[in-house]
Amino acid sequence: MNRAGRRAERLVDAADARLPALEGGALLRKAFPDHWSFLLGELALYSLLVLILTGVWLTLFFQPEMREVVYAGPYAPLRGVRMSAAFDSTLHISFDVRGGLLMRQTHHWAALVFVAAIGVHLLRIFFTGAFRRPRELNWVIGLTLFVVSLAEGFAGYSLPDDLLSGTGLRIAQGIMLSIPVVGTYAAFFVFGGQYPGHDIVTRLYPAHVLLLPGALIALVAVHLILVVHLKHTQWRGPGRTERNAVGKPFFPQFTASSGGLAVIATGLLVLLAGLAQVNPVWNYGPYRPDQASTGSQPDWYVGFLEGALRLVPAWETNVAGHTLMWNVLLPAIVLPGLLFAVLYAYPFVEQRLTGEWRTEWHLCDRPRERPVRTGLGVAGTVFYGVLLLAGGNDVVAQTFRISVNGLTWVLRVALIAAPLLAFLVTRWLCRALTAAESERLADGVPTGEIRQSVTGGYESDHEPVAAFRPGAPRRALIGARTGTPSRTPRAPERPDR
């Protein structure tokens, strides 16, 4: 060995004595499934990286202050208008700083894609059963990531102090006031006095740029560590069992494809920011407590809360001289609390009911093979969709020239009836698809050739199934209609199939 080789060996040995340098070889050989549905989590990760980079840039120009100033910038319609320093600096970023509007809109679009990618990724985990043992903790972490991202998005959305975001803060203050006993104190503490106060933007700013991003980064780090430790789930297929992982190695195949996804995602976010306008705060103007913007809706990820507030009737109860505002307390606090409590508990409840908590599961379920779980997931998605639509009932009514009161009553009925109908239809469809697939596996695929039997009848020829979708069984399923495959004998996996 030459001198350079010996020097490199000593350097590696010295690094390994202090750091787990040589242990990284196992990570380089880790197998990652080669299927598009597993890229949703990576899309969320790269959107978060864009958020961090653009957010750091924006902090150099944004002033998180509520002191009153007079606008003297280049946007003529607002020149001479009194506004907060936060709104003034937002206009300065948009119109005076070179590339500022592009960075603002890239940051906003990345936030929308980030939350959406987490949500769709959680749906993929739910419908494929990837939350089962030993991954229950990762489901809890992913769901917590979603909750923290909602709070982070709302905090950032509120910082410009424009009329639209100020209306959202006014709603948030009303939600706090609806909490029995402590609501008044909570609102007074958060806003630093009587609404709107002079401290809310100053207090939201460190939460948005420091506390919540730190929580997101920590949760993402723990999530990735658990993914590496527990290995990925995978679709059923040739050579894939509960005891192995088949896919591309981390280096160089996976790093190349994942790096390409990062470049594409970043490029599309920047392109979207340059072509599609989002959150034009100069159209709304500065926030004033005595005004509210027409047709105001929040970003989509909190739109379901807006819809819930609009659907619940004006129910109030007076108890010992205190008014309980059920029309705010139920949709804005009780409903989301129950919703996320069910989501947190679902993996543990399902595994107890099906008996699957006794063993580990590394192969993904196909949604059609779990009709009850799939039906519940679709019903929950429809429930969310109805609430999201209700969040813009005034815009929908104005666009289609219908009664907003009539639309509200239709949505109230749909909020109960549509999820139930969605569950029944989805469960029936899953069972029908499974039965059709079992029949196809048992009888084969029609060749299109017809022959006459010796008795004078006609019958079509069939040939064995040769093409399979990812995760599709190679033989007819037994008892999948029950929705509890753990009680059904599994066909043994053969590595030669």
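Residues numbered from 1 in each chain as written. Predicted model: local features only at pLDDT ≥ 70, side-chain atom pairs only at ≥ 80, totals over all residues. Heavy atoms only, no water.

Our focus in this paragraph is empty space enclosed by the protein. A complete count under the given rule lists one cavity of 30 Å³ or more for this structure. Here the largest cavity defines a volume of roughly 40 Å³. What lines the largest cavity is M66, D161, G166, L169, F191, Y195, P196, I200 and Y287. (1 Å grid on protein atoms, 1.4 Å probe; cavity = no way out; pocket = protein on both sides within 12 Å on 5 of 7 lines; lining within 4 Å. Points joined across faces, edges and corners; volume = space filled by probe spheres on them.)

Our focus in this paragraph is the pattern of salt bridges. Tallying each qualifying case throughout the model produces 17 salt bridges. Across the salt bridge formed by E68 and R82, the nearest N and O atoms sit 3.3 Å from each other. Residue E68 is located in strand 2 (residues 68-70), and its partner R82 is located in strand 3 (residues 82-84); the two are separated by 14 residues in the primary sequence. The closest approach of N and O atoms between D199 and R203, which form a salt bridge, is 3.9 Å. Note on D199: relative accessible area 29%, which makes it partly exposed. Salt bridges sharing common partners tie together R132, E350, E356, D365, R370 and R373. (Salt bridge = Lys/Arg side-chain N within 4 Å of Asp/Glu carboxyl O. Helix = DSSP H or I, 4+ residues; strand = E, 2+ residues; numbered from the N terminus. Buried < 20%, exposed > 50% of the residue type's maximum accessible area, 1.4 Å probe, protein only.)

Summed over all chains, the structure comprises zero disulfides. Free cysteine: C364, not disulfide-bonded; nearest cysteine sulfur from C430 at 16 Å. (Disulfide = S-S within 2.5 Å.)

Quick look at a positive patch on the surface now. Among the surface-exposed residues, R3, R6, R7 and R10 lie close enough to one another that they form a single positively charged patch. With respect to the helices, strands and loops of the structure, R3 is situated in helix 1 (residues 3-18). We classify R3 as exposed; its relative accessible area is 61%. (Patch = residues over 30% accessible without salt bridge, like charges linked within 9 Å, V, L, I, M, F, W, Y side chains within 5 Å. Areas by Shrake-Rupley, 256 points an atom, 1.4 Å probe, with all protein chains shown as cover. Lys, Arg positive; Asp, Glu negative; His and termini not counted. Charge placed at Lys NZ, Arg CZ, Asp CG, Glu CD.)

Interpretation note: all reported values are geometric properties and have no functional meaning in isolation.
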